[in-house]
Amino acid sequence: MTTNFFNPVTTQTWTNGRHQVRCVKVIQETQDVRTFCFMAEQPVLFFFKPGQFVTLELEIDHQPIMRSYTISSSPSIPYSFSITVKQVPGGKVSNWLHTNLKVGDELAVHGPVGNFNSIDYPAEKVLFLSGGVGITPLMSMTRWLFDTNAAVDVEFIHSARAPRDVIYHRELVHMFSRIPEFKLHIICESKEDIGEAWAGYRGYLTQPLFELMVPDFMEREIFCCGPAPYMDAIKRILRHHNFDMNHYHEELFGATPVDVREEVRELAEQAEVDAENVDTSELHSIEFASSGKSVRIQPGETVHAAAAKLGLHIPKACGMGICGTCRVELKSGEVEMEHNGGITEEDVEEGYILSCCSRPKGDLVVDF
């Protein structure tokens, strides 16, 4: 994509919703990690809170697929945004992106959304903890603090498999070498990297090592992102010291937990039993204005379930109110919405809901 910057432009600001973007650059970060950079056809200021994510709308093997990825770039570089993707063995989407997505390709993205961000939890002293590709939201936060010359004391601990797997290594070293208040600690787990020079920490992030690196961690706002076992280990260390977990934040987005899936199945089975005894007078009418269709559903069913009964496909990626993909406008009526950061307060004030986690309190009219 080329843009004539000498022509007058009308720049828009990014808002949560569906946007068409074009891939403008692909960067090979490590052997199995790539960064994909995007811009809009018409200039858009991609402002977001560092740590938030977008959901890609893709078509793979003729099937629509939605997948969410953290924005790894900083809003301090506003005319583009980037995601960094690790190629996972057997991963349908990550493998497709690495193999197929190239400069010039267009796709739709939804967002930005997410409660895991450094803007909503300001602090003078922060601790960033990341494992593997979990570094992406923390890199966005670090870039933002660096670019804005923020007066923040930053300790950054990153765990990687081997020296060759440290994502953004040279950029991290550059940033942390220029600001005395920024301190970087990198741990490489593997000892099977013969030929790679490494003078840093080896092994895993143990409690003694954690205390050695950041002795004042009790005074810091902590942001953590990585594999579930990594985050569990961090939380055990913090709880051992009676750390106030109100100052601990982690990136929750990922595959639906097993216990949640089991709970959903149990609820579905219970719903089948309850359906036989439901009082039809308690049913709620859900009208989809743009489609001209309506359906009556039981109390407790979601707006998304109502749409599915009519054969209407509201895009959805997570099903837990995290990704924000299933956002629709509520024309009339009230819902009980239990989301996990997938929608902003501004969107709610403007009348939007997440259909996957919104249950009607009465009759509704939805714009879809």
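Residues numbered from 1 in each chain as written. Predicted model: local features only at pLDDT ≥ 70, side-chain atom pairs only at ≥ 80, totals over all residues. Heavy atoms only, no water.

Looking at an unreviewed UniProt entry, one finds the protein chain named Hybrid-cluster NAD(P)-dependent oxidoreductase and attributed to Vreelandella glaciei. In UniProt, the protein chain has this text filed under Sequence similarities (unreviewed entry): "In the N-terminal section; belongs to the FAD-binding oxidoreductase type 6 family." (UniProt positions renumbered as here; feature names shortened; annotations may be inferred.)

**Details of the environment of proline 208**
You can see proline 208 is positioned in helix 4 (residues 207–213). Residues proline 208 and isoleucine 237 lie 29 residues apart in sequence; the distance between their C-alpha atoms is 9.6 Å. (Helix = DSSP H or I, 4+ residues; strand = E, 2+ residues; numbered from the N terminus.)

**A few points about the environment of glycine 351**
Its location among the elements puts glycine 351 in the loop between helix 8 (345–349) and strand 19 (352–354). Residues glycine 351 and serine 332 lie 19 residues apart in sequence; the distance between their C-alpha atoms is 8.9 Å. Beyond its immediate sequence surroundings of up to four residues, glycine 351 is in contact with Val328, Glu329 and Leu330. (Contact = heavy atoms within 4.5 Å.)

**Looking at the sheet that holds strand 19**
Strand order across the open sheet formed by five strands is 16-15-21-17-19, with mixed pairing between neighbours. Of all the strands in the sheet, the pair left with one neighbour each is strand 16 (293–297) and strand 19. Geometrically, the sheet is characterised by an average inter-axis angle of 35° between neighbouring strands, direction not taken into account. Where strand 17 (residues 327–332) lies against strand 21 (residues 364–367), three bridges are found, and the strand directions are antiparallel. The partner of leucine 330 across the bridge, within strand 21, is valine 366. (Pairing = 2+ DSSP bridges. Axes fitted to C-alpha atoms, helices over the stretch in contact; angles between N-to-C directions.)

**Quick look at the packing of aromatic side chains**
All told, the structure shown has twelve aromatic pairs when counted by the stated rule. Geometrically, the ring pair formed by phenylalanine 116 and phenylalanine 223 is edge-to-face, given 6.1 Å between the ring centres and 70° between the ring planes. In this pair, phenylalanine 116 sits in the loop between strand 8 (106–113) and strand 9 (125–131) while phenylalanine 223 sits in strand 13 (residues 221–225), placing the two residues 107 residues apart along the sequence. This pair shows no difference in class: phenylalanine 116 is buried, exactly as phenylalanine 223 is. Plain terms: the ring middles of phenylalanine 156 and phenylalanine 176 are 6.1 Å apart, the flat faces sit at 85° to each other, and that makes the pair edge-to-face. (Phe/Tyr/Trp six-rings, centres within 6.5 Å; stacked < 30°, edge-to-face > 60°. Buried < 20%, exposed > 50% of the residue type's maximum accessible area, 1.4 Å probe, protein only.)

**With respect to the pattern of salt bridges**
Applying the stated criterion across every chain, the model contains 19 salt bridges. For glutamate 57, the salt bridge goes to arginine 18, with nearest N and O atoms at 2.9 Å. In this pair, glutamate 57 is assigned in strand 5 (residues 53–60) and arginine 18 in strand 2 (residues 17–30), connecting sequence segments 39 residues apart. Of the residues examined, glutamate 57 reaches a relative accessible area of 26% and is grouped as partly exposed. Since its relative accessible area comes to 51%, arginine 18 is described here as exposed. In this structure, a network of salt bridges that share partners links the residues Lys125, Asp153, Glu155, Asp216, Glu219 and Arg220. (Salt bridge = Lys/Arg side-chain N within 4 Å of Asp/Glu carboxyl O.)

**Considering the nonpolar core**
Among the nonpolar cores identified, the biggest contains 24 residues, and Trp14, Phe38, Leu56, Phe81, Ile83 and Leu97 are the most heavily contacted of them. Contributions of two or more residues to this core are made by strand 2, strand 3 (33–40), strand 5, strand 6 (63–70), strand 7 (81–86), helix 1 (92–100) and strand 8. It is strand 5 that contributes the most residues to this core, four residues altogether. If we skip the residues at most four places from it in the chain, leucine 97 touches Phe36, Leu56, Leu58, Tyr69 and Val85. (Core = buried A, V, L, I, M, F, W, Y, C linked by side-chain atoms within 4.5 Å.)

**As for helix 3 (residues 169–178)**
Buried residues of helix 3: Leu172, Met175 and Phe176, and no others. Burial along helix 3 is one-sided: seen end-on, the buried residues are contained in an arc of 90°. For helix 3, the exposed residues lying more than 90 degrees away from the buried face are Arg170, Ser177 and Arg178. (Arc of directions from axis to C-beta.)

**A look at the sheet that holds strand 12 (residues 201–202)**
On the basis of which strands lie adjacent, the open sheet formed by six strands has the order 12-11-10-9-13-14 and parallel pairing. Every interior strand has two partners, whereas the edge strands, strand 12 and strand 14 (248–250), have only one. As paired elements, strand 11 (residues 182–188) and strand 12 share two bridges and run parallel to each other. Bridging from a neighbouring strand, cysteine 188 pairs with arginine 202 of strand 12.

**With respect to the pairing of strand 15 (residues 284–288)**
Burial along strand 15 is one-sided: the face carrying His284, Ile286 and Phe288 is buried and the face carrying Ser285 and Glu287 is not. Pairing between strand 15 and strand 16: five bridges, direction antiparallel. Paired with isoleucine 286 across the two strands is valine 295, which belongs to strand 16. Between strand 15 and strand 16, which pair antiparallel one after the other, the connecting turn spans four residues, and glycine 292 there sits at a positive phi close to 70°. Note: strand 15 against strand 21, three bridges, orientation parallel. When the bridges of strand 21 are listed, phenylalanine 288 appears paired with valine 366.

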